[in-house]
Amino acid sequence: MTAERPYDPRARRRAVRVAWIVGVLGALVAAAVVVVPLLRPGPRPVFQLPVACGETWRLSTYPGHDDYDVDLFPTTGEAWGRPVLASADGTVTVAGINGSLGGRTPQDPDGPRGRGGGYWVKIDHGGRWETQYLHLLEPPSVRAGQRVARGDHLGRVGSTGNSGAPHLHYEQRRGWEKVETHFDGVPSGITSDDREYTVRLTSANCPPNRP
């Protein structure tokens, strides 16, 4: 006849702790399997210039502008009021005022500057990719939560916020980080603000079936 082992409360507590730790680790692994792919950026959308099809614009940066930020100016014609278009399909997450508007208008181009980006739009393109469009002339023509397609009208070029002249300030972001802008799959070359840099590009943000 085998003698029964005496009850050991410490061993039972150790077993409960081990079981609890194993359960927690299992839950963390399961959560990581689900969450990590969601946090990892997806492939870069084929962004297009946020301006009308066939137009040539000057993309530039300057010291103090911040790495990867791009200012867009048309190479011909007036900048005020030019259409600003979505670079790719996505969902509008912000459409409103960043900072303060100031008083620069086509009627008073030397009016007081505001702060920040003025009227602006932010679009989520999925896969943790995002674009931003700042210094618009007037309230955006889209609203938060609205689904937009590449080429949809977002607003018009202006000089609201901290802006010295009418232009479009544009950014592409991956996750929380600004990255070099790509247009039609080609990098713009604007990566640093340690010097003035300018490049001219022609927009391929065209309606379907139009070259």
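What counts, and at which threshold
- Residues numbered from 1 in each chain as written.
- Predicted model: local features only at pLDDT ≥ 70, side-chain atom pairs only at ≥ 80, totals over all residues.
- Heavy atoms only, no water.
- Helix = DSSP H or I, 4+ residues; strand = E, 2+ residues; numbered from the N terminus.
- Buried < 20%, exposed > 50% of the residue type's maximum accessible area, 1.4 Å probe, protein only.
- Contact = heavy atoms within 4.5 Å.
- Areas by Shrake-Rupley, 256 points an atom, 1.4 Å probe, with all protein chains shown as cover.
- Phe/Tyr/Trp six-rings, centres within 6.5 Å; stacked < 30°, edge-to-face > 60°.
- Polar contact = N/O pair within 3.5 Å; in protein donor to acceptor, adjacent residues only side chain to side chain.
- Disulfide = S-S within 2.5 Å.
- pLDDT = per-residue confidence, 0-100.
- Salt bridge = Lys/Arg side-chain N within 4 Å of Asp/Glu carboxyl O.

Help me understand the overall build of the protein chain, please; the structure alone is not making it clear to me.
Assigned secondary structure in the protein chain consists of one helix and 13 strands. Taking all 211 residues of the protein chain together, the buried fraction comes to 40%. In the protein chain, of all internal contacts separated by at least 6 residues, the share reaching a separation of at least 24 is 69%. Roughly 11,900 Å² of accessible area belongs to the protein chain as shown, and the carbon and sulfur atoms make up 55% of that amount.

What should I look at first to understand the packing of aromatic side chains in this one?
Note on aromatic pairs: each is described by the distance of the centres and the angle between the planes. Taken as a whole, this structure holds three aromatic pairs when the rule is applied. Summarising the aromatic geometry, the rings of Tyr133 and Tyr170 are spaced 5.4 Å apart at their centres and angled 70° between planes, so their arrangement reads as edge-to-face. With a gap of 37 residues between them, Tyr133 in strand β6 (residues 129-136) and Tyr170 in strand β9 (residues 168-174) connect regions that are remote in the sequence. Judged on exposure class, the residue Tyr133 and its partner Tyr170 are both buried. Among the aromatic residues, those joined into a cluster by ring pairs are Tyr133, Tyr170 and Phe183.

Please clarify how the side chain of Gln48 should be interpreted in this entry.
Within the secondary structure, Gln48 is located in the loop between α1 (9-39) and β1 (56-61). Among the polar contacts made by the side chain of Gln48, one reaches the side chain of Asp184 at a distance of 3.0 Å. The residues touching Gln48, leaving out its near neighbours within four places in the chain, are Ser87, Arg150, Tyr170, Phe183, Asp184, Ala204 and Asn205.

I would appreciate a short explanation of the state of the cysteines in the present structure.
Here, disulfide denotes a covalent bond that connects the sulfur atoms of two cysteines. Tallied over the full model, the rule gives one disulfide. Disulfide partner of Cys53: Cys206, at an S-S distance of 2.1 Å. Across the S-S bond linking Cys53 and Cys206, the dihedral sits near 75°, which makes this disulfide right-handed. Residue Cys53 is located in the loop between α1 and β1, and its partner Cys206 is located in the segment after β13 (197-202); the two are separated by 153 residues in the primary sequence. Across the pair, exposure class does not vary: Cys53 and Cys206 are buried alike.

What is the right way to read the confidence of the model for the protein chain from this model?
Close reading of the predicted structure is inappropriate where its pLDDT is low. Summing up the model confidence of the protein chain, the mean pLDDT is 89 and the portion of residues at 70 or higher is 82%. Of the regions scoring below 50 in pLDDT, residues 31-38 engages in two contacts with residues more than four places distant in sequence or in other chains.

Could you clarify how one ought to interpret the pattern of salt bridges in this entry?
If the charged atoms of two oppositely charged side chains come close together, the side chains can form a pair. The tally for this structure, following the rule as stated, stands at five salt bridges. For the salt bridge of Arg82 with Glu55, the shortest nitrogen-to-oxygen distance reads 3.5 Å. Pair noted here: Arg82 is in the loop between β2 (70-74) and β3 (83-85) and Glu55 is in the loop between α1 and β1, with a separation of 27 residues, a long-range link. For Arg82, a relative accessible area of 15% puts it in the buried group. Two residues, Lys178 and Asp69, come together in a salt bridge whose shortest N-O distance is 2.9 Å. With Lys178 in strand β10 (residues 177-179) and Asp69 in the loop between β1 and β2, this pair connects stretches of sequence that are 109 residues apart.

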